[in-house]
Each structure stands twice: as C-alpha cells, then as structure tokens.
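What follows is the residue order along each chain.
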Amino acid sequence: MITLTTDRLLLRPPAQEDIDPLLEMNTDPEVMRYIGDGSLGPVDRESTAAIVSRAREGWARNGFGMLSVITRDGGKYAGWVTLAVPRFLPQILPAVEIGWRFRRGFWGRGYATEAAAPLLDFAFAEAELDRVVSIRHPDNHRSGRVMEKLGLRFAEEAVVPAHGTRVLVDAITREEYAATKG
Ligand SMILES: CC(C)(COP(=O)(O)OP(=O)(O)OC[C@H]1O[C@@H](n2cnc3c(N)ncnc32)[C@H](O)[C@@H]1OP(=O)(O)O)[C@@H](O)C(=O)NCCC(=O)NCCS
C-alpha cells in the first residue's frame, strides 16, 4: 500500500479511524444520488468496517486500490479515491476504473481532481496499467468534469446488468496520458 501527497491532501490507505466519516458519507443521499441505482442500500457500521478491510486486502491482491483522502490542514477525512476492477460492468472487462467519493462539505474545492491526479499517475507509472476508465451516471456532471480535467474522454455507453442503469464510460490510455504531460 502506498501514501501520496499533494499540496493540500494526504492520500493514505483506509484505516479504522475512517469508519465514522465513511459511514456519514455513505448515508448521505446527495453523495449517493448517482451511485448504483441511486437507492441507498443498507449501510451500517459493520458493512462500513468491511469496506476498510476489503480495501486493504485489495491492495495486497491487486497492487492498486482505495486511498483515503485527508486534508493536510486539519487532518479531516474528506473522502476517497480508488483504482478498482469494475465487476459490476462485465461487458467492459478487463478494465480498471478510477473513482472518487467525497463528503458533501468538501465538494467544490478541487479536491477530487487534486487527489485523483497522483493516483492516475500511479496507475500508469507504478501499477503499469495500459488504460484506465471511469464510469458515471449520465447526469453526474460534476464527476464528468473531474474526468475531463484529468484527461479522460468519452469511450462508450453501457448498461449495468444488475439494475439496468445506463452509464457513460470515459477512458484514457497510457499514450494519451503521456501526451497530456507534454
Ligand atoms: C464528484 C465529486 C467527487 C466531485 O468532487 P469535487 O472535489 O467537488 O470535484 P472538483 O472540485 O475537483 O471538480 C468538480 C468540477 O465540477 C464542476 N461542477 C460542479 N458542479 C457542476 C455541475 N452541476 N455541472 C458541471 N460541472 C460542475 C466544478 O466547477 C469543477 O470543475 P472546475 O474545476 O472546472 O470548476 C463529488 O461531487 C462527490 O463526491 N460526489 C458524490 C459521489 C460521486 O458521484 N462520485 C462519482 C461517481 S462516478
């Protein structure tokens, strides 16, 4: 597992102390509006604790995974960024997606883009991926803007088999990413 830093943020592996803010974030209907089929599934302390342990196991298994995003000024849990295999969308596999989720009070400060940028760097430079996708609900324009700022571009539309939701898949290849770096 890795730790990354940006001007304002520390990205570190998920830890026990993240469980309460993670639970708050995952039970906020506004945060969860465009996730899955938009309905809040059962979320409790136990299932949230399982997210933390699964995240740590994922890093060990794949060499990439979820990082908690902590503000350097104040040490607050702002959200997470992740590299993950999008098993919910089998028709685009094999693939690795980059994703993000932030507590509502931390939106609109450029944190998602600032945190995802070094993780995308890591995806190509360290995890040696050839292509990274990002998947969103068509109405999730905020997330679409983050993808755009990171250099991802529209690749295809797909339908999530589990609940029939239409999603947009954006993507960036290793070569395209290198070109964005000049
Ligand atoms: C999506 C999310 C991570 C964005 O976090 P953030 O820290 O606010 O993102 P950033 O500040 O880095 O960038 C957001 C961009 O969207 C823009 N934006 C905000 N509202 C917008 C809207 N309604 N339509 C279009 N763009 C919008 C912002 O202006 C900003 O772009 P800019 O830098 O060009 O001004 C956050 O809103 C979130 O956690 N949402 C809930 C979970 C989620 O949907 N995750 C993604 C699933 S695909």
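The coordinates are above.
Note that this is a predicted model, so its numbers are computed, not measured.

Here is what the cut-offs are and how they apply
Residues numbered from 1 in each chain as written. Predicted model: local features only at pLDDT ≥ 70, side-chain atom pairs only at ≥ 80, totals over all residues. Heavy atoms only, no water. Buried < 20%, exposed > 50% of the residue type's maximum accessible area, 1.4 Å probe, protein only. Helix = DSSP H or I, 4+ residues; strand = E, 2+ residues; numbered from the N terminus. Pairing = 2+ DSSP bridges. Near = heavy atom within 4 Å. Polar contact = N/O pair within 3.5 Å; in protein donor to acceptor, adjacent residues only side chain to side chain. Areas by Shrake-Rupley, 256 points an atom, 1.4 Å probe, with all protein chains shown as cover. Nonpolar A, V, L, I, M, F, W, Y, C, P; charged D, E, K, R; others polar.

Caption draft 1: Fine view of the pairing of strand E5 (residues 97–102). Extensive coverage of E5 is indicated by the burial of 6 of its 6 residues. Burial along E5 is two-sided: Glu 97, Gly 99 and Arg 101 facing one way and Ile 98, Trp 100 and Phe 102 facing the other are all buried. Strand direction decides the pairing type here: strand E4 (residues 77–84) and E5, joined by 6 bridges, are antiparallel. Its bridge partner being in E5, Val 81 is matched across the sheet by Trp 100.

Caption draft 2: The arrangement of the site of the ligand in detail. Lining the immediate surroundings of the ligand are 21 residues, of which Phe 102, Gly 108, Thr 113, Arg 145 and Lys 149 lie closest. The contact in question runs from an oxygen atom of the ligand to an N or O atom on the side chain of Arg 145, over 2.8 Å. The contact in question runs from an oxygen atom of the ligand to an N or O atom on the side chain of Lys 149, over 2.6 Å. Against a free-state accessible area of 970 Å², the protein chains account for coverage of 74% of the ligand. Those elements giving two or more residues to the shell around the ligand turn out to be E5, helix H4 (111–125), strand E6 (131–136) and helix H5 (141–150). If one sorts the elements of the shell around the ligand by residue count, H5 sits on top with 6 residues. Among the residues making up the shell around the ligand, the classes are represented as 9 nonpolar, 6 polar and 6 charged.

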